[in-house]
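Residue-level structure breakdown
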Amino acid sequence: MPVLRRTPREARVLLSDTSPYGSRVLDVEYDQVATAAYLRTSDGGTVAASWVANHQEAPYHADLARLNAGLVPALPSGRTKHPKGRPPLDPRTLEVVWFEEGDGVALMEAGQPLCVIPGWSDIDRGIPGYAREAIGRSPFAFALDDEIDELGPRILQAEAFWSWRRGSGAWEAFQQSLLGHLLSRLGPGGYYWHDIGRQPSRTENGSQPATPAPRPAVPATPATTTPPRREPVVGVSERPARGDRSYNVLSTVGMSCQRMPTVELYEDNVGEHARIELAVATTLPSVQAGRVFPWLAQYPWQAVTSFAPGDNVKWYHEARTFPLGPKWEGVLLLDNPNRLEGPNAPDLTAFSFGGDPVQWLWIVPITEAERQYGKQEGPDALIERLARQGRSWIVGE
């Protein structure tokens, strides 16, 4: 079945826009005959695509010669609202609205949806995006009219989110709300690292601590399309040991300010699973343990994936560089650390944002052999094995 080609040739780029997370790029391309939109990775690979419009009289059947030549396809006459073609798009009337999660995008013309490529569009599976000009379904585009009741509100929500997020004081209000929650559950704060991996860090009382290691490399975005500041902004708050707690707790602050990508591919009730923060309980020095977060805090949005209870993640570098100790090579994420040895874990529930509950996932370091066992046998089997071994959820014990 013919589909949009990954790398069309002889096309003019009308618009190119990078997501606020830097991991996806929308390219809108035109070659006198037709316009198409391509959702690409930051290094140029095509994730999904959609025909947008014909600008000349449509063929009766799909023009395989154009497809085989790598040209922008023209939709057959029975599949377009304008079989005689419509005028070329004016780039001055176009606007891009990225979904909050960063895995989907809408192309707007004069403020109205023209094309939507949601997170479930996939060029490898032959699932295109949705186009206003399309009729019915074809390998090149699905009719946007058929899904506007679902996708229209998503666009409005995305516009409202980014309008709020870029507004004065938005981040500070979220930050203070979450810090207040941590205060009520874990007591007074110690170190606080601002915008980890990108800015100098300061403690909550204003003094200068040691800075965590720089964030590991992620797929680069061309300088011409990289936004001035890449979202999400994430800090790390330390809650030192106190009378009833012999360990420090480090928690991210900011991951839950936006929903994670791809959750809707796996969960029916997206809101219950879309917002997380990460935490680690440790007897290691906080500056050492805190170095695990620049790797993980932006991971879902940079890799365009999501974290869920029981997930394990492989360390990106040599084991000897792993912040939680050289014998470990990855982490296990637990929503209920009490399944392992140790005192009762603090209850961090009852914080919500955007109408969604926020879930804390606790970081437990694991070996590569343990990570592979978890992949093969499932997270419950791995957790049970660690529990039988007497593994503590407190790092350093």
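Up top you'll find the structure we're talking about.
Residues numbered from 1 in each chain as written. Predicted model: local features only at pLDDT ≥ 70, side-chain atom pairs only at ≥ 80, totals over all residues. Heavy atoms only, no water.

This part is about the pairing of strand 15 (residues 330-334). Consecutive residues of a regular strand have side chains that alternate between opposite faces of the sheet. In terms of residue burial, strand 15 counts as a mostly covered element, since five of its five residues are buried. Looking at chain direction, strand 14 (residues 312-314) and strand 15 are connected through three bridges and run antiparallel. Along strand 15, the bridge assignment pairs Lys314 with Gly330. As judged from the five bridges shared by strand 15 and strand 18 (residues 359-366), these two strands associate in the antiparallel manner. Across the sheet, the residue bridging to Val331 is Pro365, located in strand 18. (Buried < 20%, exposed > 50% of the residue type's maximum accessible area, 1.4 Å probe, protein only. Helix = DSSP H or I, 4+ residues; strand = E, 2+ residues; numbered from the N terminus. Pairing = 2+ DSSP bridges.)

To continue, consider the nonpolar core. With 55 residues, the main nonpolar core has Leu278, Phe293, Leu296, Phe307, Leu324 and Ile363 as its most contacted residues. Discounting residues that sit within four places of it in the chain, Phe293 has contacts with Ile196, Val236, Leu250, Thr252, Leu278, Ala279, Val280 and Ile363. Leu178, Leu332, Leu340 and Trp362 belong to the second largest nonpolar core, which has 33 residues in total. (Core = buried A, V, L, I, M, F, W, Y, C linked by side-chain atoms within 4.5 Å. Contact = heavy atoms within 4.5 Å.)

Between helix 7 (residues 368-377) and helix 8 (residues 379-388), whose axes approach to 6 Å, the crossing angle comes to 135 degrees. In terms of their interaxial angle, helix 7 and helix 8 are classed as oblique. Each of Glu370, Tyr373, Gly374 and Glu377 in helix 7 lies in contact with helix 8, whose residues at this interface are Pro379, Ala381, Leu382, Arg385 and Leu386. (Axes fitted to C-alpha atoms, helices over the stretch in contact; angles between N-to-C directions. Parallel < 35°, antiparallel > 145°, perpendicular 65-115°, else oblique.)

Turning next to the pairing of strand 4 (residues 46-54). In terms of burial, strand 4 is largely enclosed, as eight of its nine residues are buried. Two strands pair when backbone bridges link them, and strand 3 (residues 34-41) and strand 4 are joined in this way by seven bridges, in the antiparallel orientation. When the bridges of strand 4 are listed, Ala37 appears paired with Ser50. Counted between consecutive antiparallel strands, the loop separating strand 3 from strand 4 contains four residues, among which Gly44 sits at a positive phi close to 100 degrees.

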